Amino acid sequence: EAGTLSVMVGGEAATLEAVRPVFACFAEEITHCGALGSGQVTKILNNMVLFQTVAALSEAYAIARRSGVDPELLFNTLGTGSADSFALRNHGMKSMLTDNYPERAFPLEYALKDMEYLLEFAKQAKADLKGAKRAMEVMEKSAVARNRKRYFPVAIKSLWCRRRACGKTFLQRAWRGACISTAMTRCCRCATASPPRPRPRSARWGSRSRSSRASRS
């Protein structure tokens, strides 16, 4: 509505100039990226950088809280140095710090769709995008926890859970040498649901075991 979008366009320059007034109705920045298709490539790479930056901010947020550092102080400090970015000032400060992930904003499912397109494109280009894969892993874990329709910085939920018991589980599992992604999966599920209860041992199974041991003796 504000008409401040950034649009990346691929195609003939003359064609762009002909339709520029239409783009100007909703875009503030209109960039000619080259031949047909180059606009889409530029846009998806733009989103890749954004999603990876948000994933990095999510990890910084989680580590700060675990270390006793106020995340708001951390983000404000990052904003005064070389780590400052659009993602920090908008997704970090306005969404993560306030725990605000509305459903009518750019949802996590759209971000995952863009990442799928990106990784398919990277496969065609024979490029192994490890950072992009890591960002998608973070988002997928949050989507499993029923966050698919919420504003995509909600991916932070896969790295941090407010439940004290869940946090204890995270630390214990990490100390035992479990990989970080495995330890975080539990937090992701606990963000929206109660942790799974251990299945009790069946009395029937126990009696069968005792009887079998008795027969052996």
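Note that the structure is predicted; figures quoted are calculated from it, not measured.

**Thoughts on the overall build of the protein chain**
- A tally of regular secondary structure across the protein chain gives nine helices and two strands.
- A burial count over the protein chain gives 33% of its 217 residues as buried.
- A sequence separation of at least 24 residues applies to 65% of the contacts in the protein chain between residues at least 6 apart.
- Roughly 13,800 Å² of accessible area belongs to the protein chain as shown, and the carbon and sulfur atoms make up 54% of that amount.

**A word on the pairing of strand β1 (residues 5-10)**
- Where β1 and strand β2 (residues 27-34) come together, six bridges link them in parallel fashion. Looking at β2, one finds that S6 is bridged to E29.
- The parallel pair β1 and β2, bridged by helix α1 (residues 13-23), forms a crossover whose chirality is right-handed.

**Re the environment of K133**
- For K133, the location among the structural elements is in helix α6 (residues 130-147).
- In sequence terms K133 and E116 are 17 residues apart; their C-alpha atoms lie 9.6 Å from each other.
- Apart from residues no more than four positions distant in its own chain, K133 is found in contact with L119 and D128.

**Details of the confidence of the model for the protein chain**
- Of all residues in the protein chain, 73% have pLDDT values of 70 or greater, and the mean over the chain is 79.
- Within the protein chain, the lowest mean pLDDT, 37, falls on helix α7 (residues 164-175), and the highest, 96, falls on helix α3 (residues 71-78).
- The low-confidence segment residues 162-205 (pLDDT under 50) makes 43 contacts with residues lying over four places distant or belonging to another chain.

**Considerations on empty space enclosed by the protein**
- Applying the stated criterion to the full structure yields one cavity of 30 Å³ or more.
- Approximately 40 Å³ is the volume found for the largest cavity.
- Around the largest cavity, the lining residues are F51, V54, A55, A135, V138, M139, F152 and A155.
- Of all elements in the fold, only α2 (38-66) and α6 reach the threshold of two or more residues within the lining of the largest cavity.
- Here the lining of the largest cavity is built from residues that sort into eight nonpolar, no polar and no charged.

**Let's talk about the layout of surface pockets**
- Empty space within the largest pocket amounts to approximately 570 Å³.
- Surrounding the largest pocket, 18 residues form its lining, L5, S6, K43, N46 and N47 being those nearest its centre.
- Elements represented by at least two residues in the lining of the largest pocket include exactly β1, α2 and α4 (86-96).
- Ranked by the residues each element gives to the lining of the largest pocket, the list is headed by α2, at seven residues.
- Partitioning the lining of the largest pocket into residue classes produces 10 nonpolar, seven polar and one charged.

Rules used in this analysis
Residues numbered from 1 in each chain as written. Predicted model: local features only at pLDDT ≥ 70, side-chain atom pairs only at ≥ 80, totals over all residues. Heavy atoms only, no water. Helix = DSSP H or I, 4+ residues; strand = E, 2+ residues; numbered from the N terminus. Buried < 20%, exposed > 50% of the residue type's maximum accessible area, 1.4 Å probe, protein only. Contact = heavy atoms within 4.5 Å. Areas by Shrake-Rupley, 256 points an atom, 1.4 Å probe, with all protein chains shown as cover. Pairing = 2+ DSSP bridges. Right-handed = clockwise from strand over helix to strand, strands pointing away. pLDDT = per-residue confidence, 0-100. 1 Å grid on protein atoms, 1.4 Å probe; cavity = no way out; pocket = protein on both sides within 12 Å on 5 of 7 lines; lining within 4 Å. Points joined across faces, edges and corners; volume = space filled by probe spheres on them. Nonpolar A, V, L, I, M, F, W, Y, C, P; charged D, E, K, R; others polar.

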